[in-house]
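# Commentary on secondary and tertiary structure
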Amino acid sequence: MTNLWVATDLGSIRGVCLKTEQNTVVTYDEISKKNEIVSLTSSENGQELYCTLKSDLINVFDMSQNIYVNQYDMEGELLTAFDIGEQLLSVGKNGQVYVWRDEEVAAKFKIGESIECCVKSHDGKIISGGKENELKVWDIETQKPVFTSKNVPRDTLDIRVPVWIRSIASQPSDSNILSVGTHYHQYRQYDTRVKRRPILDKSWGELPILSMTANDTHCYMGNGKGDIGRIDYRNTTEVNKFKGAVGSVRSLALHSKEPFLASVGLDRYLRVHNTLTKEIENKFYLKNKMNCVVFTNERIKEKEEGEDIWEQLEETGAKRRKLEG
């Protein structure tokens, strides 16, 4: 069964089942801009969602029980959170990374300043970039970068090209192949085995590339205008377009087995395209502006819209984890 979860700018998450077109709304605390969810990631076991809030909180949502089961109280403006093995990593926009083990902070390190995006690779490393912060691949054990990109050469007027990375994707079968979208609507592709500069530097669209996802053959990207494009790793000369979106595309997700591409953004629609035909398979109007979308295998349980389930936190024995020091 194909299920998705989306996160909104008002702090709610919504589960959608494509087969039955059933959906359910789950809210944290209150519907408010201060509870905006800026990142939504699925755990490696596929049972939990990590909801990163604008209000410096990370809420852990159990999809099988349909309730929040844990919470981490952080410091500073958060960017994202995800797990690698038995560890939970939280990343701030100031570049501070906290590594949690057994619900305690086991380590912390810095990955630079002005971080705009950070994702995990399929070989257990993290990849980061931002404003005047080059693309880097980090080993969380040594807490040091194992790859640092080099800026493209100066332009034809001999002016330095500014660095502003807005989105990153890693090829699942080969973590050496990295794709980057910039604030200046450049698509760049790196092979960390070959050189530090991009092996492909291509202009696409007119606005910043805000979202990316990839499989073994293609990289998909969305920009601030509402364009969704696809570039083939085997033939990088052409960018295919997926039609439908009319607002900024904030998040993209690919299904692991089916040819489905999900997209959400400021036009309040969840769209699912067929990647083989480029046609829209499903479209849902979900009332709120959405920042994130993920595919999951967990069954979507029905809930009445607006029902607050945060009060069930105590019943599950979950605790609020506050960052010490």
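All figures in this text were calculated on a predicted structure; none of them were measured in a lab.

Rules behind the numbers
Counting restarts for each chain: residues are numbered from 1 in the order of the written sequence. Per-residue local features of the predicted model are confined to residues with pLDDT of at least 70, and side-chain atom pairs are confined, for both listing and counting, to 80 or more; whole-chain, interface and lining totals are unaffected and use all residues. Only heavy atoms go into the side-chain values, all of them from the structure, while hydrogens and water stay out. Note on pairing: two strands pair once DSSP finds at least 2 bridges between them. The numbering of helices and of strands both runs from the N terminus, where a helix is a DSSP run of H or I of at least 4 residues and a strand a run of E of at least 2. An axis is simply a line fitted to the C-alpha atoms; with a helix, the fit covers only the stretch in contact. Between two such axes, the angle follows the N-to-C directions and lies from 0 to 180 degrees. One side-chain nitrogen of Lys or Arg within 4 Å of one carboxyl oxygen of Asp or Glu is enough to make a salt bridge. Burial status follows relative accessibility: with a 1.4 Å probe on protein chains alone, a residue under 20% of its type maximum counts as buried, one over 50% as exposed, and anything between as partly exposed. Geometry of aromatic contacts follows a simple scheme: Phe, Tyr and Trp rings, the Trp one being its six-membered ring, pair when their centres are within 6.5 Å, and the pair is stacked under 30 degrees between planes, edge-to-face over 60, tilted otherwise. For this analysis, residues touch if any pair of their heavy atoms sits within 4.5 Å. Polar contact is the term for a pair of N or O atoms within 3.5 Å; when the atoms are in protein, one must be able to donate a hydrogen and the other to accept it, and sequence-neighboring residues count only if both atoms are side-chain atoms. How sure the predictor is of each residue is captured by pLDDT, a score from 0 to 100.

## A short note on the sheet that holds strand β20 (residues 209-214)
Ordered in space as β20-β21-β22-β23, the 4 strands form an open sheet in which the pairing is antiparallel. Each of the sheet's edge strands pairs with one partner strand only, and the pair in question is β20 and β23 (235-242). Recorded for the sheet is a direction-independent mean angle of 25° between the axes of neighbouring strands.

## Regarding the pattern of salt bridges
Close approach of charged atoms allows side chains with opposite charge to pair. Evaluated as defined, the whole model comprises 15 salt bridges. Residue E36 is joined to K33 by a salt bridge in which the shortest nitrogen-to-oxygen separation is 3.7 Å. Note on K33: relative accessible area 42%, which makes it partly exposed. Among the ionic pairs, E113 bridges to K110, the shortest N-O distance being 3.4 Å. Here E113 falls in the partly exposed class, since its relative accessible area comes to 46%. Shared partners join several salt bridges into a network, and the residues in it are D9, K33, E36 and K54.

## Overview of the packing of aromatic side chains
Tallied over the entire structure, the rule returns 8 aromatic pairs. Ring centres 5.1 Å apart and planes at 65° place the aromatic pair W5 and F61 in the edge-to-face group. Residue W5 is located in strand β1 (residues 3-8), and its partner F61 is located in strand β6 (residues 57-62); the two are separated by 56 residues in the primary sequence. The two residues W5 and F61 agree in class, both being buried. With 6.2 Å between their ring centres and 75° between their planes, W164 and Y184 make a pair best called edge-to-face. Taken as a pair, W164 in the loop between β15 (144-148) and β16 (165-170) and Y184 in the loop between β17 (177-182) and β18 (186-191) lie far apart in primary sequence, 20 residues in all. On the accessibility criterion, W164 (17% relative accessible area) is buried.

## A closer look at the environment of D201
In this fold, D201 is placed in strand β19 (residues 200-203). Taking the C-alpha atoms as reference points, D201 and R188, separated by 13 residues in sequence, lie 4.6 Å from one another. In this structure, D201 is in contact with V152, Q186, Y187 and R188, ignoring residues within four places of it in sequence. Of note is the side chain of D201, whose polar atom sits 2.7 Å from the side chain of Q186. Polar contacts involving the side chain of D201 include one to the side chain of R188, which spans 3.2 Å.

## Remarks on the environment of T236
Here T236 lies in strand β23. Of the residues examined, T236 reaches a relative accessible area of 22% and is grouped as partly exposed. Leave out the neighbours within four places in its chain, and T236 touches Q189, L200, K202 and I231.

## Concerning the pairing of strand β12 (residues 115-120)
Both β12 and strand β13 (residues 126-130) contribute to a ladder of 5 bridges, which runs antiparallel. Bridge pairing in β13 places V119 opposite I127. The hairpin formed by β12 and β13 contains 5 residues between the paired strands, and G124 there has a positive phi angle of roughly 85°.

## Details of the confidence of the model for the protein chain
Summary statistics for the protein chain give a mean pLDDT of 89 and a share of 90% for residues scoring 70 or more. Put simply, strand β29 (residues 320-322) is where the protein chain has its lowest mean pLDDT, 60, and β16 is where it has its highest, 98. For residues 304-318, every residue scores under 50 in pLDDT, and the model assigns this stretch 34 contacts once sequence neighbours within four places are set aside.

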